[in-house]
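Each chain is listed here by its residues.
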There are 4 protein chains.
Amino acid sequence: DAVDIDRVLEEIQQDEGMSHSRLMQTATGVREVSKQLQRRPIKRAVRNVMIVTKARDNQLVLLTKDLAQWLMSTSRYGSDLGVNVYVDAKLRRSKRFGAAQMIEKQPRFQHLLKYWSPDLCWSQPEKFDLVLTLGGDGTVLFTSWLFQGIVPPILSFSLGSLGFLTNFKYDQFKESLTKIMGEEGMRVNLRMRFTCTVYRNGKEGHDMDEAEQYEVLNELVIDRGPSSYISNLELYGDNELLTVVQADGCIFSTPTGSTAYSLSAGGSLVHPDIPAILLTPICPHTLSFRPMILSDTLLLRVSIPRNSRASAYCSFDGKGRVELKPGDHVTIAASQYPFPTVVKTGSDWFESVSRTLQWNTRGATQKGW
Amino acid sequence: DAVDIDRVLEEIQQDEGMSHSRLMQTATGVREVSKQLQRRPIKRAVRNVMIVTKARDNQLVLLTKDLAQWLMSTSRYGSDLGVNVYVDAKLRRSKRFGAAQMIEKQPRFQHLLKYWSPDLCWSQPEKFDLVLTLGGDGTVLFTSWLFQGIVPPILSFSLGSLGFLTNFKYDQFKESLTKIMGEEGMRVNLRMRFTCTVYRNGKEGHDMDEAEQYEVLNELVIDRGPSSYISNLELYGDNELLTVVQADGCIFSTPTGSTAYSLSAGGSLVHPDIPAILLTPICPHTLSFRPMILSDTLLLRVSIPRNSRASAYCSFDGKGRVELKPGDHVTIAASQYPFPTVVKTGSDWFESVSRTLQWNTRGATQKGW
Amino acid sequence: DAVDIDRVLEEIQQDEGMSHSRLMQTATGVREVSKQLQRRPIKRAVRNVMIVTKARDNQLVLLTKDLAQWLMSTSRYGSDLGVNVYVDAKLRRSKRFGAAQMIEKQPRFQHLLKYWSPDLCWSQPEKFDLVLTLGGDGTVLFTSWLFQGIVPPILSFSLGSLGFLTNFKYDQFKESLTKIMGEEGMRVNLRMRFTCTVYRNGKEGHDMDEAEQYEVLNELVIDRGPSSYISNLELYGDNELLTVVQADGCIFSTPTGSTAYSLSAGGSLVHPDIPAILLTPICPHTLSFRPMILSDTLLLRVSIPRNSRASAYCSFDGKGRVELKPGDHVTIAASQYPFPTVVKTGSDWFESVSRTLQWNTRGATQKGW
Amino acid sequence: DAVDIDRVLEEIQQDEGMSHSRLMQTATGVREVSKQLQRRPIKRAVRNVMIVTKARDNQLVLLTKDLAQWLMSTSRYGSDLGVNVYVDAKLRRSKRFGAAQMIEKQPRFQHLLKYWSPDLCWSQPEKFDLVLTLGGDGTVLFTSWLFQGIVPPILSFSLGSLGFLTNFKYDQFKESLTKIMGEEGMRVNLRMRFTCTVYRNGKEGHDMDEAEQYEVLNELVIDRGPSSYISNLELYGDNELLTVVQADGCIFSTPTGSTAYSLSAGGSLVHPDIPAILLTPICPHTLSFRPMILSDTLLLRVSIPRNSRASAYCSFDGKGRVELKPGDHVTIAASQYPFPTVVKTGSDWFESVSRTLQWNTRGATQKGW
């Protein structure tokens, strides 16, 4: 039933004699399909909600408790009970969270309150109909790290001022969730992630070994890490040498990450809907190394030359520090597992850019006469 | 027959209860369709070829003559004759071009040699199976201006060093055209254009009047033109105020134009496959006005406030200078008429960026010890 | 008596066999002299005060009246009267200023209230012991224009928020002026100006004609003005070709002007004490044209090549638009007539940069986790 | 005899009632003295020449040998012998250098060939009338490190292409040195250095301890070193808080260093004659943190706040990595020991900037039509 994209692909393949104008019409049509998909709400019932927060932050644990209780006690979808809530397994014995007390007071919560672990997120991501995060942008990045494959829709609450990724206010959680879990449904942005794969230099005459693989939501950074020197980096696109990077390092950023490290290094602000890979050098040694924005259909590869005297280091969304030795390489490709964030209004992004970065606001040069 | 994108759109509309994972699969499939379309060659017969050049440049007229003669005399598609060639109507009586002499020598050319005028390009663009340009990037921009609606595939010859848009060498035209008009067919990049529409301030209580409309391939520039002052510019996206521009001016550039004026003003290099609108301010009055890359699904509008004391001026691909008075506005949207350029290899763009801009090549800062 | 710098110069000339270490000591000593000079207050009596304001601004005229009356009526330097006040000759018959009424009420003002004209400023600048400006930075630039030779000390009042050049608050004028005209005296910053001289292409075999000459406090801008094209500009330093500028234009800015147009075009912020000339291109056509900061000992010359097809246009502190035709040139040199501004505290400049430009304040990129 | 700058200083101090115009004249005179000093040649006899090179580089050792032999054997200053030559003590027993053989062949060299050690450079810098370097810019930086106090004139030979600091060609050493050691004498640029002093957080109630002190010719870099985090850095000028730096790090560069790391981080090019301190942030977290150029009369201090959770690390001309713990600080001030480099022509610097950086050369954006 429903949309069969595979069939469409097949039809295109077969249509050998497609004329130029037919090709143009099809291309325009495909873009229209893409836009429609972005705009349509998801209206399925939300029966399993996961909550992610910093389990060590006392205040956040208390807010998590309030949120969980409200979700479990508010009747939904014809039942007089609420929905299943998964909280961090680290809270299982937390006195502050007080699971035992909660269940004592409300024995019906016994079957609703559950616990998630990183293992569960990796093995059964489809268990969750919605993930709520409480904290800052860092908590959202952590959530991306939890789901290395398919990602459920993510709705992020901010406690103080809204961030780039935390676009819902905690103190309005009841109104927001009632809308989303009800008739209105939710609309999501499919934020691109990168699949980054590190390959180790195999033995002479053997293939490279695939070592680590990470999904990143913001950026992959390759720099000199704790070393004093950095190797030249060879950058390939679809197996062709594009350029050799002589710089303190190099950032491969998603549009989502364009407001983070890439911006500090001089990159442009890129709207998260754009399917692009930002290449932003860190302190390049040439004057002409302007940041570049590449198509997400490109398979990028960064190689450390075998004759390099220094290693380079990768970090993934600001975490991890994986050494790339001479002969190693790392590939970067648009992931088939995007990161769906629940949106509030169409212009969330502009608001956050103006509010958080003070982009083009206040402060002006001296005027003439 | 063949691909029916409208049906796909319809199916998506109807599928009310589409689940999150189904939505994600469909989105991924649509992107795959889009990639396949970009990669497939057009293999239809090329029976009508238009040649664009600078009719006032003596050397170019002679080269046009050689090219036209070769096209008309080289037998194709089972005929012992060549194909129809349309040259600029300005050459009809040019001695240098020598149409009369050509036909005298080869009477069979009489029915093959034809003339194009701007009117013909506007009214019957589908007449041409292929357009060849002889000259620099400027000639390509002129060709874009000729075709304000549907654009035939464009193949651009360079006489000296290759440019950003002129990626075929004139002295290899026989090999190149024989391939493209033969079994191999041609692959095209659909370069985005903008449709820019100027609206004049109608009378009180009336709607705005639509005045000029232009398709641009590189950029729309709004600046103070010959005036000493420039108005603040109000920038709206989908009818919401995004920001107020205080600057010498503002560039709205396509990815194709990212190597032109936008680059001078500090914009990033953007690969032409990316569906994006570059917003690059010219000498902004705030320190925080970093260039921004917007989704091409956005309808942009730049308004001159009614209480402004100054006008602003638009230029379209570096041409024209249309005054925007207080109360007027101009809209920018991705055009439904992209500009299809015939590509040579997959990495044309990188080569031209390195070669022409010296991007990240030669010249380095002082090294340490 | 006192410091005889000419004698010092002579001594240096004669000291043929000066050793390396002696040279180094002398150089260090000279820099020390320069610092001491900057720090020492001027304690001479202030008997003649000039007030500059916008004579067409009604509010400013009233404030000028208050200021003038206070200066004339507050007894100073042993007299029971105040000091001489020069106001704009345009106010002579202004009803709002009401000179006649003032004198009627206080006949003693008759000999104290005087009028300045641009002519008087040019011919007898030493008449004024202190100039007060009321208005914005534009009024200070206008004052610089009035004094094309020697400039008296300038104290600038701001009515609203303080500007880069307007560092005294009008509503505290009594306290400020009482200090400065009293025991404390005033300390001034000698802000560099440029002497810009336009030379016209004389007849074959003749010298160039000196045409206009201007002192600028902020910057000289050379751009295409109302023209669509701009010539390449040849830049010479001490008669050697430094570079050829291909750009929308070129800014030659003083450190004072580094917070104005040069900043918009990407220049650095330069402290006004630094003896330097900022060369900042406007939208340069090469990626490597980084702004450059030149020594103020250099004599710069910008030439329009004789074979250029376009003119260029100069503007001086944002005013005037002088055409440079092919063959003309303009020279820029540190002026022997600096612009002395009365300072309040040592860190005036930093405060104004943070306050007015929001330099490095508020607004930050997305944080990691 | 000769110039007595102390007397001039004294005179300025005493001249209590110096008028404004007298002050301006004196200031102008002092600048003139400064210019004259820069331009005058040193003509003293050069009797002791030190050679610095990389003692491990075989090729350089051979070139050093040639240079030393020529200097010792070419008769100068009325003697039939040459001058004293100091080479690196590491070469004393080098077979490749072959001191023993040299003296065997030419016993008169016995008293001319001497050896320098870092200790000698620190304790008796005035022993050397001229220092020659063979190698790249790194060798010049090493020479600066050798002389932490007074620095003799430095003449730097390049073996391949000229660098920013290596402006004499080795293969023309005879002509160059004959000129400089003869009638023409040498002209030097006094390149500013910084004195950087690290202070450790003393015990409660005690003063800070002065720890390390370094003279730098290019720059002081403060960054996170091998750590993953960096502290906020508090920047003080003359004991007033100027700003708080949130960035990957911060560069304090001399004008000489403006072509090195500061340039990579986005700083302007600054002519070495300008008495200025460049403050260039590395990947700042605010959009408005434009590089700033400060007066060299300022005493800068960078403090790590006591409550910071991370350390910062200093490196001096790219060397050393000194940890700054919370509570520590480092001061930066213009050194009283500048670095005198022998100049070839007036425009050395422009040539090296164009040649080495490709500043504003070749490579241009796409042109219009």
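Residues numbered from 1 in each chain as written. Chains lettered and ligands numbered in written order. Predicted model: local features only at pLDDT ≥ 70, side-chain atom pairs only at ≥ 80, totals over all residues. Heavy atoms only, no water.

1. Things to note about the packing of aromatic side chains
All told, the structure shown has 44 aromatic pairs over all chains when counted by the stated rule. When the ring of F157 of chain C is compared with that of F168 of chain C, the centres are 6.4 Å apart and the planes differ by 75°; the resulting orientation is edge-to-face. Linking F157 of chain C in strand β5 (residues 154-158) with F168 of chain C in strand β6 (residues 168-169), this pair joins segments that are 11 residues apart in sequence. What makes F157 of chain C buried here is its relative accessible area of 0%. Ring centres of F157 of chain C and Y170 of chain C lie 6.1 Å apart, and the angle between their planes is 85°; on these two criteria the pair is classed as edge-to-face. Of this pair, F157 of chain C sits in strand β5 while Y170 of chain C sits in the loop between β6 and α7 (173-181); the two residues are 13 residues apart in sequence, bridging distant segments of the chain. Here F157 of chain C matches Y170 of chain C in class, with each residue buried. Put simply, the rings of W70, F157, F168, Y170 and F173 of chain A pair up and form one aromatic cluster. (Phe/Tyr/Trp six-rings, centres within 6.5 Å; stacked < 30°, edge-to-face > 60°. Helix = DSSP H or I, 4+ residues; strand = E, 2+ residues; numbered from the N terminus. Buried < 20%, exposed > 50% of the residue type's maximum accessible area, 1.4 Å probe, protein only.)

2. A look at the pattern of salt bridges
Tallied over the full model, the rule gives 20 salt bridges over all chains. Two residues, E212 of chain C and R200 of chain C, come together in a salt bridge whose shortest N-O distance is 3.5 Å. Within this pair, whereas E212 of chain C is found in strand β9 (residues 209-216), its partner R200 of chain C is found in strand β8 (residues 194-200), the two being separated by 12 residues in sequence. Among the charged side chains, a network of salt bridges with common partners joins R200, E212 and D328 of chain A. (Salt bridge = Lys/Arg side-chain N within 4 Å of Asp/Glu carboxyl O.)

3. Re a positive patch on the surface
Residues and elements named next belong to chain A. Residues K169, K179, K344 and R355 make up a contiguous surface patch of positive charge. You can see K344 is positioned in the loop between β21 (339-342) and α9 (348-357). Take K344: its relative accessible area is 38%, and that puts it in the partly exposed class. (Patch = residues over 30% accessible without salt bridge, like charges linked within 9 Å, V, L, I, M, F, W, Y side chains within 5 Å. Areas by Shrake-Rupley, 256 points an atom, 1.4 Å probe, with all protein chains shown as cover. Lys, Arg positive; Asp, Glu negative; His and termini not counted. Charge placed at Lys NZ, Arg CZ, Asp CG, Glu CD.)

4. Considerations on helix α9 (residues 348-357) of chain D
Those residues of α9 of chain D that fall on the buried side of the exposure criterion are D348, W349, F350, S352, V353 and L357 of chain D. Check the buried side of α9 of chain D and you find it contacts β12 (240-245) and β16 (292-295) of chain C together with α8 (261-264) and β14 (269-270) of chain D. One or two residues past the end of α9 of chain D sits Q358 of chain D, with phi positive at roughly 55°. (Contact = heavy atoms within 4.5 Å.)

5. A look at the domain arrangement of chain A
All names here are of chain A. Each assigned domain of chain A is listed here: domain 1 (48-191) and domain 2 (194-337). On a C-alpha basis, the centres of domain 1 and domain 2 stand 33 Å from each other. Contacts between the two partners involve 10 residues from domain 1 and, on the opposite side, 11 residues from domain 2. Here domain 1 and domain 2 share an interface that buries about 1,100 Å² over both sides, 59% of which is from carbon and sulfur atoms. Taken as a group, L141, Q148 and R191 account for 47% of the area that domain 1 buries against domain 2, more than any other trio of residues on that side. (Domains from an automatic or database assignment. Buried area = accessible area lost by both parts, 1.4 Å probe.)

6. Thoughts on the side chain of E219 of chain A
By the element assignment, E219 of chain A lies in strand β10 (residues 219-223). Summary of buried charges: E219 of chain A has no salt-bridge partner, and the nearest side chain of opposite charge, R224 of chain D, is 10 Å away.

7. Here we look at the pairing of strand β17 (residues 300-303) of chain B
Residue and element names in this part refer to chain B. Neither face of β17 is open: one carries L300 and V302, the other R301 and S303, and all of them are buried. Pairing geometry for β17 and strand β20 (residues 329-334), over 4 bridges, is antiparallel. From the neighbouring strand, S303 faces β20, where its bridge partner is H329. (Pairing = 2+ DSSP bridges.)

8. Observations regarding the environment of V302 of chain A
Residues and elements named next belong to chain A. Checked against the element boundaries, V302 lands in strand β17 (residues 300-303). Looking at V302, the relative accessible area reads 2%, which means it is buried. For V302 and G257, which are 45 residues apart along the polypeptide, the C-alpha to C-alpha distance reads 19 Å. Beyond its immediate chain neighbours, meaning those up to four positions away, V302 contacts I222, L233, E234, L235, F252, D328, H329, V330 and I332.

9. Let's talk about the sheet that holds strand β18 (residues 312-316) of chain D
Spatially, 7 strands are ordered β14(C)-β16(D)-β15(D)-β13(D)-β10(D)-β18(D)-β19(D) in an open sheet, and the strand pairing comes out mixed. The open sheet has two free edges, formed respectively by β14 (269-270) of chain C together with β19 (319-324) of chain D, since each of these has just one partner strand. Bridging between strand β13 (residues 247-253) of chain D and strand β15 (residues 276-284) of chain D involves 6 bridges; their strand directions are antiparallel. In the strand pairing of β15 of chain D, I251 of chain D is matched with T280 of chain D.

10. A short note on the relation of the copies chain D and chain A
Between the two copies, chain D and chain A, the superposition gives an RMSD of 0.0 Å; the rotation angle is 180° and the shift along the axis is 0.0 Å. Here the transformation between the copies is reduced to the relation of a two-fold axis. Proximity to the rotation axis, assessed at the C-alpha, singles out P226 of chain D in chain D; its C-alpha lies 1.9 Å from the axis. A shared binding surface is used by both copies, with 100% of the interface residues of chain D retained as interface residues in chain A. (Least-squares fit on C-alpha atoms with pLDDT ≥ 70 in both.)

11. Some details on the interface of chain D and chain A
The accessible area lost on association of the parts is a frequent measure of interface size. Tallying the contact residues gives 19 residues for chain D and 19 residues for chain A. Approximately 1,300 Å² of surface area, both sides summed, lies buried where chain D meets chain A, with 51% of it carried by carbon and sulfur atoms. When the area that chain D buries against chain A is broken down by residue, the three leading residues are S264, C283 and L287 of chain D, summing to 38%. Where chain D touches chain A, the interface holds 2 salt bridges.

12. Focus: the environment of P284 of chain C
Residue and element names in this part refer to chain C. For P284, the position within the fold is in strand β15 (residues 276-284). Exposure remark for P284: the relative accessible area of 12% places this residue in the buried category. With 144 residues separating them in the primary sequence, P284 and V140 have C-alpha atoms 30 Å apart.

13. Thoughts on the sheet that holds strand β19 (residues 319-324) of chain C
Across the sheet, 7 strands lie side by side as β19(C)-β18(C)-β10(C)-β13(C)-β15(C)-β16(C)-β14(D); this open sheet has mixed pairing. The sheet terminates laterally at β19 of chain C together with β14 of chain D, the two strands that pair on one side only. As defined by bridge partners, β16 of chain C adjoins β14 of chain D across 2 bridges and the pair is classed as parallel. Bridging from a neighbouring strand, I293 of chain C pairs with V270 of chain D of β14 of chain D.

14. Remarks on the packing of helix α3 (residues 58-73) of chain B against helix α7 (residues 173-181) of chain B
Residue and element names in this part refer to chain B. α7 packs onto α3 with a crossing angle of 40° between their chain directions and a minimal axis gap of 12 Å. One way to sum up the angle between α3 and α7 is to call them oblique. When you trace α3 past α7, the crossing you get is right-handed. Contacts from L67, W70 and L71 in α3 reach F173, K174, L177, T178 and M181 in α7. Grouping the amino acids of the contact of α3 with α7 by side-chain chemistry returns 6 nonpolar, 1 polar and 1 charged. (Axes fitted to C-alpha atoms, helices over the stretch in contact; angles between N-to-C directions. Parallel < 35°, antiparallel > 145°, perpendicular 65-115°, else oblique. Left-handed = near helix turned anticlockwise from the far one by under 90°. Nonpolar A, V, L, I, M, F, W, Y, C, P; charged D, E, K, R; others polar.)

15. Considerations on the pairing of β15 of chain C
One face of the sheet, then the other: side chains in a regular strand alternate in exactly this way. Residue and element names in this part refer to chain C. Burial analysis of β15 places 9 of its 9 residues in the buried class, the great majority of the element. Two strands pair when backbone bridges link them, and β15 and β16 are joined in this way by 4 bridges, in the antiparallel orientation. Its bridge partner lying in β16, L279 is registered against M292.

16. Digging into α3 of chain B
Residue and element names in this part refer to chain B. With 16 residues, α3 extends 23 Å from end C-alpha to end C-alpha; this agrees with the ideal 22 Å at 1.5 Å per step. Residues L60, V61, L63, T64, K65, L67, A68, W70, L71 and M72 constitute the buried set of α3. Where α3 starts, the residue carrying a side-chain oxygen 3.0 Å from the main-chain nitrogen of Q59 turns out to be D57. (Expected span 1.5 Å × (residues − 1). Polar contact = N/O pair within 3.5 Å; in protein donor to acceptor, adjacent residues only side chain to side chain.)

17. Side note on the state of the cysteines
One pass over the full model with this rule turns up 0 disulfides over all chains. Left unpaired, C250 of chain A is separated from the closest cysteine sulfur, that of C314 of chain A, by 11 Å. (Disulfide = S-S within 2.5 Å.)

18. Considering unusual backbone geometry
All names here are of chain B. Phi at C283 takes a positive value of approximately 45°, unusual for a residue other than glycine. Structurally, C283 can be placed in strand β15 (residues 276-284). Taking relative accessible area as the criterion, C283 reaches 6% and is therefore assigned buried.

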